[in-house]
Amino acid sequence: MALDKTFDAQSAEQRIYEAWEKIGAFRAGANARDGASTYAIMIPPPNVTGVLHMGHAFNNTLQDILIRWKRMQGFDTLWQPGTDHAGIATQMVVERKLAEEGKPPRRDWDREDFTAEIWKWKKTSGNTIFQQLKRLGASCDWDRAAFTMSGAPNAPAGEEGNFHDAVIKVFVDMYEKGLIYRGKRLVNWDPHFETAISDLEVENIETPGHMWHFKYPLAGGETYEYVEKDEDGNVTLRETRDYISIATTRPETMLGDGAVAVHPSDERYAPIVGKLCEIPVGPKEHRRLIPIITDEYPDPDFGSGAVKITGAHDFNDYQVAKRGGIPMYRLMDTRGCMRDDGDPYEDASAIAVEVATGERTLTEAEADAINLVPDALRGLDRFEARKLVVQQITDEGLAVMVPAPPNEDGEVCFDGGMMPYVENKPIMQPFGDRSKVVIEPMLTDQWFVDTAKIVGPALDAVRDGTVRILPESGEKTYYNWLENIEPWCISRQLWWGHQIPVWHTPGLGGEWRSFCAATEEEALAQMHATFGDDAEFLLVEDEKAAIELLAETIRTDPDITGVDQRHRPQAIPVFRDPDVLDTWFSSGLWPIGTLGWPEDTEALRKYFPTSTLITGQDIIFFWVARMMMMQLAVVDQIPFDTVYLHGLVRDAKGKKMSKSTGNVVDPLEIVEEYGADALRFTNAAMASLGGVLKLDMQRIAGYRNFGTKLWNAARFAEMNGATGSDGTIPVATYPVNTWIIGETARVREVVDQALTDFRFNDAAQALYAFVWGKVCDWYVEFSKPLLLDGDDATKAETQKVMGWVIDQCLILLHPIMPFITEELWGTLAPRARMLVHADWPVYGSELIDAEADREMNWVIEVIETTRSVRAQMHVPAGLHVPMLVTQMEPAARAAWDRNETLIKRLARIDSLTAVESFPKGCATLPVSGATFGLPLAEIIDVEAEKARLEKTLGKLAKELGGLRGRLNNPKFAESAPEEVVEETRANLAAREEEEAKLKDALTRLAEL
């Protein structure tokens, strides 16, 4: 079948992909040679709610390049696809869907019915991204597609699997080994979703804010001499104070302060360290006292140098409170409102004062139970409470005051000319990336992995080179995270996810006892072992129901104060922990979970440990490091041997893509307009190790043109009977054919080495230069005389060589541009196999003929030099001009003689004449082994050309001066956005290159 004039990507891509799937081209082990080594890649599982974005397109292109390359090399390959159940994101999507359908909100459903709704949604909409990845050409083994909730309780038909079993088994094993525990710790709390979230799900955004300055009066009206000094020790301020001042951006959190901290070296506050001060808010008769302490955290040079310590609502304060044994008082409920539970404020405040004065100590749980929100503020939204706290402090005269500036009329509008000190300043505020509400640091009960106990092997594996991280800068980030690791919060207050396999019952003294087991039956067996075989248990919905049941039992039998063998209710209430596991916990088991662990499957034995992980550098800790820790802790093996990290895909100017900026690019729209191959080649070409990923639409258009160039070369070959090859390396006698065979061998080696080193950009650039430059331009042109005017033997040789070369282009390009290459492969000749399973070549430098290489490169040098001078001198493109030569070495003469027709036609040369010296008006062309000249004085208007070039140089000089002036201005470099500075530098470099060419042309004209 003859090739069409152009490649229609829109009609071909789907047809080709379906053909691949029909023959099972992507199945694990497809095209593997006998005894082949394995090569496995685990796809970073996109959220089940996900749709393809440029990050996915880039990341999956690189994975597909490697897997197609290895598959063609005969490796036993597996590219494991799958999706993550994405707890918060999925729950949000389904809740929104229910609202759109007019159905009740989640809280009006029971847990089982709500998760059933999610499973329904997942069946109809949950795998959208798989279809989109297929549009990109991703060659995953889709039959093995995994899901991090497969096999979970109540999973519908079609969602079988044992990933859930694997997750639960790991939790139970780690719990029994003391690696998982429950405790209170500060977490990022999302008041909208009412759950803890990870740092990755928090967006820190600069927003307009305020810094309020308040006075904390010293207890009992005490005073001290406050002294400030300059750098030389000279006193600049001395006054008697009865307070210590602090500054805060969140006044509502003052209610939970446990102390005021100053730096140990801060002499200003030395007289009052250890004394008590008063929190300036709340009923005056119940005003709370807190100690003034020292800690390394406060910066004496920032603000007043004194810092309020609210351990339950600030991450830095939490560390200070832990170090200093400061009680942490939680102020808010799960919705971000001020607490409305517990004893009246009068009683709670009295307890807190006893703690501050050393008369009483509290456990962490007891401190958390105390509600120190004044009665008038209870139940209010945190931001509404903030306004009232500020107003109360100001009304009481405990705001720090500063001179008020005059208004436009020169009048001071504040009594006494003083006003409260409130700084209007931008602050970094944490927002939930999905809820878009302000995140509240909150001390809550959560489940944690004691990562310090499992981090060692993960560090050692990278340090000793067992696992390689690319680029090497990623290793520093990896070490920094793991060497300073904190306990990992693995619980989420959601319904969608792996419910934590722990059951709770009342214990002695009113505390709760916990039983961890894979199933409810196993947990009950543990309870019977604890409470006796005759014990009866009643499974209730939650802790609240258990407490109510126990309270009812105590009312009927006052002797029961807890649950033991002597005082045991007839039915002991039992409830399952309502939390689910963080999705990072389950995805941390991705390598083994997708291969069937804990079952001893063939896939697990064959493909684990896997080979290469390609992922974004932003999740090196959240996912990469955790997979390392988890696999080593669970099966004592590394999960992969190489980690390739890449950055964010940005726009052409280097700006981060965002909807608010309006620069988001939809990869599917690119595929629609330019075809998948052009996008894939662009992704490969910009994938330099550690480089900035700038997506330029002009570049994509350029690589579509590259595909067109390849298509046209294939059409030329087809029209000249030069198609199809059995893969045998042809024997060539003509230098042009010998040369192109050697060039093909050379680029094969470059591409293989580049892909081995994960330098995708080098592989793409080498193929671009070879296919476009060497094959489509030079070889096609060089072959025309041989095909059109050569004898039968010459023509047959050239047809065979060209057919082989075109096939090699298709093979080498296939991992990057699979669609157009597969289309050409199947159309140019009958094939035993599709290109996706063609043999990857192993030939190398042994095919390079040094003599032919030198000769043809000399010919190219002559043609390119001649073309360059013609272009500089504005010689009419279609004009054939005479050429002179003053000296020519024998090798050069022989090369000219053998290729004279080629040179004359491609350089548009009329004739070659040997002369003793060049006449005036002749442009000199020095090349290897010869010196040529073009007599141009009679062909072009030299003076007019000089004038044109000088005028152009004059304009360019002004432009260069402006660009250099901007870059040499320190204010520009400091204040302009980074992408603007980079663009200016690039513009200057381009203009300087243009200036150099123009000056070179002017020099040549001067010679004339």
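Below you will find a few notes about this structure. Values in this document were obtained by computation on a predicted structure and should not be read as measured data. (Residues numbered from 1 in each chain as written. Predicted model: local features only at pLDDT ≥ 70, side-chain atom pairs only at ≥ 80, totals over all residues. Heavy atoms only, no water.)

Counting secondary structure elements, the protein chain contains 30 helices and 34 strands. Principal axes of the C-alpha set define a box for the protein chain whose edges measure 115 × 80 × 55 Å. Within the span of the protein chain, comprising 1008 residues, buried residues form 53% of the whole. Look at the contacts in the protein chain between residues 6 or more apart in sequence, and 78% of them connect residues 24 or more apart. Counting only carbon and sulfur atoms, one obtains 49% of the accessible surface of the protein chain, whose full area is about 44600 Å². (Helix = DSSP H or I, 4+ residues; strand = E, 2+ residues; numbered from the N terminus. Buried < 20%, exposed > 50% of the residue type's maximum accessible area, 1.4 Å probe, protein only. Contact = heavy atoms within 4.5 Å. Areas by Shrake-Rupley, 256 points an atom, 1.4 Å probe, with all protein chains shown as cover.)

Before going further, it helps to spend a moment on helix α8 (residues 345–356). Since one α-helical turn is 3.6 residues long, residues separated by three or four positions face the same way. The end-to-end C-alpha separation of α8 is 16 Å, in line with the 16 Å expected for 12 residues at 1.5 Å each. Two residues or fewer past α8, Gly358 is found with a positive phi of approximately 85°. (Expected span 1.5 Å × (residues − 1).)

Another aspect to go through is the sheet that holds strand β11 (residues 259–262). Pairing between the strands of a sheet comes from backbone hydrogen bonds, and it takes one of two forms, parallel or antiparallel. Spatial ordering of the open sheet is given by β12-β13-β11-β14, a layout of four strands whose pairing is mixed. Of all the strands in the sheet, just β12 (276–278) and β14 (306–309) have a single pairing partner and so form its edges. The average undirected angle you get between the axes of adjacent strands in this sheet is 35°. Across three bridges, the pairing between β11 and strand β13 (residues 289–294) is parallel. The partner of Ala261 across the bridge, within β13, is Ile293. Across the face of the sheet, helix α7 (residues 315–324) comes into contact with β13 and β14 while running at roughly 85° to β14. (Pairing = 2+ DSSP bridges. Axes fitted to C-alpha atoms, helices over the stretch in contact; angles between N-to-C directions.)

If you walk across this open sheet you meet the four strands as β23-β22-β25-β24, and the pairing is mixed. Each having just a single partner strand, β23 (512–516) and β24 (536–539) make up the two edges of the open sheet. For this sheet the average axis-to-axis angle between neighbouring strands, irrespective of direction, equals 35°. As defined by bridge partners, β24 adjoins strand β25 (residues 571–576) across four bridges and the pair is classed as parallel. If you follow Phe537 over to β25, its bridge partner there is Ile572. Here helix α13 (residues 520–531) sits on the sheet in contact with β22 (502–506), β23, β24 and β25, set at roughly 130° to β23.

Another aspect to go through is unusual backbone geometry. The omega torsion across Leu470 and Pro471 is -10°, close enough to zero to call that bond cis. You can see Pro471 is positioned in the loop between β19 (468–470) and α12 (473–483). Even without a glycine there, the phi angle at Glu194 is positive, about 55°. When you line up the elements, Glu194 lands in the loop between β5 (180–190) and β6 (195–197). Phi is positive for Lys436, which is not a glycine, with a value near 65°.

The side-chain alternation of β11 yields two buried faces, one formed by Ala259 and Ala261 and the other by Val260 and Val262. Strand direction decides the pairing type here: β11 and β14, joined by four bridges, are antiparallel. Each bridged residue has a counterpart across the sheet, and for Val260 the counterpart in β14 is Lys308.

Time to look at the packing of aromatic side chains. Here the structure, examined in full by the defined rule, presents 40 aromatic pairs. For the ring pair Trp488 and Phe585, a centre distance of 5.9 Å and an interplane angle of 40° mean the geometry is tilted. Of the two residues, Trp488 is situated in strand β20 (residues 488–489) and Phe585 in helix α15 (residues 583–587); the sequence distance between them amounts to 97 residues. Taken as a pair, Trp488 and Phe585 share a single burial class, namely buried. (Phe/Tyr/Trp six-rings, centres within 6.5 Å; stacked < 30°, edge-to-face > 60°.)

Once that is clear, we can look at the nonpolar core. Core analysis: the largest hydrophobic core is formed by 202 residues, its most contacted members being Phe585, Phe782, Trp858 and Phe932. Membership of the second largest hydrophobic core comes to 37 residues, among which are Tyr224, Ile246, Val260 and Val390. (Core = buried A, V, L, I, M, F, W, Y, C linked by side-chain atoms within 4.5 Å.)

One can find Ser304 in the loop between β13 and β14. Residue Ser304 is classed as buried on the basis of its relative accessible area, which comes to 14%. A polar contact is formed between the side chain of Ser304 and the backbone nitrogen of Ala306, at a distance of 3.3 Å. (Polar contact = N/O pair within 3.5 Å; in protein donor to acceptor, adjacent residues only side chain to side chain.)

Time to look at the packing of helix α11 (residues 455–463) against α12. At a minimum axis separation of 10 Å, α11 and α12 run at an interaxial angle of 160°. The angle between the axes of α11 and α12 places the two elements in the roughly antiparallel class. Of the two possible hands of crossing, α11 and α12 adopt the one that is left-handed. Across the interface between the two elements, Val455, Ala458, Leu459, Val462 and Arg463 of α11 pack against Glu475, Tyr478, Tyr479, Leu482 and Glu483 of α12. Classifying every residue of the contact of α11 with α12 gives seven nonpolar, no polar and three charged. (Parallel < 35°, antiparallel > 145°, perpendicular 65-115°, else oblique. Left-handed = near helix turned anticlockwise from the far one by under 90°. Nonpolar A, V, L, I, M, F, W, Y, C, P; charged D, E, K, R; others polar.)

On to the pattern of salt bridges, then. Taken as a whole and assessed by the stated rule, the structure comprises 59 salt bridges. Ionic pairing is found between Arg605 and Asp600, a salt bridge with its closest N-O pair at 3.4 Å. Classification of Asp600 as exposed rests on a relative accessible area of 58%. (Salt bridge = Lys/Arg side-chain N within 4 Å of Asp/Glu carboxyl O.)

A packed helix pair is summarised by two numbers, namely the angle formed by the two axes and the spacing between the axes. Relative to each other, helix α20 (residues 676–685) and helix α21 (residues 697–719) sit at 115°, their axes nearing to 8 Å. Between α20 and α21 lies a crossing whose hand is right-handed. In this structure, α20 contributes Ala678, Leu679, Phe681, Thr682 and Ala685 to the contact, and α21 contributes Arg699, Ile700, Tyr703, Arg704 and Phe706. Class assignment of the residues belonging to the contact of α20 with α21 gives a composition of seven nonpolar, one polar and two charged.

A word on the environment of Lys904. Structurally, the position occupied by Lys904 is in helix α27 (residues 890–907). Remark: the alpha-carbon pair of Lys904 and Ala973, spanning 69 residues in sequence, is separated by 52 Å. Setting aside residues no more than four positions away along its own chain, Lys904 makes contact with His880, Trp896, Ile909, Asp910, Ser911 and Leu912.

The topology assignment puts Lys795 in helix α24 (residues 792–813). As a C-alpha pair, Lys795 and Ser783 span 12 residues in sequence and 9.1 Å in three-dimensional space. Excluding residues within four positions of it along the chain, Lys795 makes contact with Leu786 and Leu787.

This paragraph deals with α13. Taking 1.5 Å of rise per residue, 12 residues should cover 16 Å, and α13 covers 16 Å from first to last C-alpha, within 8% of that figure. Listing the buried residues of α13 in full gives Ala523, Met527 and Phe531. One side of α13 carries all its buried residues, which in axial view fall inside an arc of 60°. Set apart from the buried face of α13 by more than 90 degrees, the exposed residues are Glu521 and Ala529. Immediately downstream of α13, the backbone of Gly532 shows phi near 110°, a positive value. (Arc of directions from axis to C-beta.)

Burial analysis of β13 places five of its six residues in the buried class, the great majority of the element. In this sheet, β13 lies alongside β12 in antiparallel orientation, the contact comprising three bridges. When the sheet's bridge partners are listed, Cys277 is paired in β13 with Ile290.

A cluster of acidic residues, Asp110, Glu112, Asp113, Glu541, Asp542, Glu543 and Glu548, forms a negative patch on the protein surface. When contributions to the negative patch are tallied by element, the ones reaching two or more residues are α4 (111–125) and α14 (543–556). Along the polypeptide, Glu543 turns up in helix α14. Judged by relative accessible area, which is 38%, Glu543 ranks as partly exposed. (Patch = residues over 30% accessible without salt bridge, like charges linked within 9 Å, V, L, I, M, F, W, Y side chains within 5 Å. Lys, Arg positive; Asp, Glu negative; His and termini not counted. Charge placed at Lys NZ, Arg CZ, Asp CG, Glu CD.)

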